[in-house]
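For reference, the chains in residue letters:
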Amino acid sequence: QLDQLLHKKLDPLGKQKAKVLATGLPASPGAGVGRIVFNAEDAKIAGEKGEKVILCRTETSPEDIEGMNVAVGILTSRGGMTSHAAVVARGMGKCCVAGCSDAKIKEHTKTLTIADKIFKEMDWITLDGNTGEVFGGMIPTIEPEISGDFALFMSWADKYRKLGVRTNADTPYDAKKA
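Residues numbered from 1 in each chain as written. Predicted model: local features only at pLDDT ≥ 70, side-chain atom pairs only at ≥ 80, totals over all residues. Heavy atoms only, no water.

(A) Seen up close, the nonpolar core. Grouped together as the largest cluster of nonpolar side chains are 17 residues, with contacts concentrated most on C56, L75, L112 and V134. Listing elements by their share of this core, those giving two or more residues are β5 (53-57), β7 (95-98), β8 (103-106), β9 (111-114) and β11 (124-128). In terms of nonpolar packing, the next biggest core, distinct from the first, is built from 15 residues, A46, L55, M68 and I74 among them. (Core = buried A, V, L, I, M, F, W, Y, C linked by side-chain atoms within 4.5 Å. Buried < 20%, exposed > 50% of the residue type's maximum accessible area, 1.4 Å probe, protein only. Helix = DSSP H or I, 4+ residues; strand = E, 2+ residues; numbered from the N terminus.)

(B) Geometry of the environment of S83. With respect to the element layout, S83 can be found in the loop between β6 (73-76) and α5 (84-92). Only 2.8 Å separates the side chain of S83 from the backbone oxygen of G80, close enough to count as a polar contact. (Polar contact = N/O pair within 3.5 Å; in protein donor to acceptor, adjacent residues only side chain to side chain.)

(C) Quick look at the environment of T82. For T82, the location among the structural elements is in the loop between β6 and α5. Here T82 falls in the exposed class, since its relative accessible area comes to 72%. Ignoring any residue separated from it by four or fewer positions in sequence, one finds T82 in contact with V87 and R90. (Contact = heavy atoms within 4.5 Å.)

Spelled out as C-alpha cells, the structure:
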C-alpha cells in the first residue's frame, strides 16, 4: 500500500461528485487526468504541445512506448495485471487501468464507448489507477506528500536503515526520479 502513497490521487470531493463509468483492473497506481488519444503518434504530438493525454488502446504493444512515455495515464479494454500496458506503466510510474471490458475502444474510428456515452479524441477522461475506476471529464488530483503516519514510518526507516538505494537508470530523467 505504500506505493499508492507515492503517486497522485484523485481529490476525494471531486471523486465523490463524479460518476464511475466503468471499472477495470488497477494495474498501476496513481491518478491520470487527460485528453483521450488512440495511438502513440497522436499522443506524442499532443504531448509536445503540452497537452496531458490518456492513451486508450485495446491492448498496448512495444510500438506504443513513445505514446506511453508522454501519457499521464493508460486505459486498455483487454489485458491483465501482467499485460504489456500494466508492466510498462508500473515501470514508468504512470497510472494504468487495464482490462476494462466495459470500455469499447475503437482505434480506427477514434472513439471510446462506455455504456451509452461516446468519447472522441481529445475529450477529457479521468483514471484512478488505485481502484481501476474510469470517469468522464476532469477530476482534480492531489500531489503525493509525506506526512502523518507515513512521515513517521519513513523517519523510522531512515533512522534504522543500513542499506543504500541504487538504481538502474537509462536516462537522466530516470536517474533524477530514482
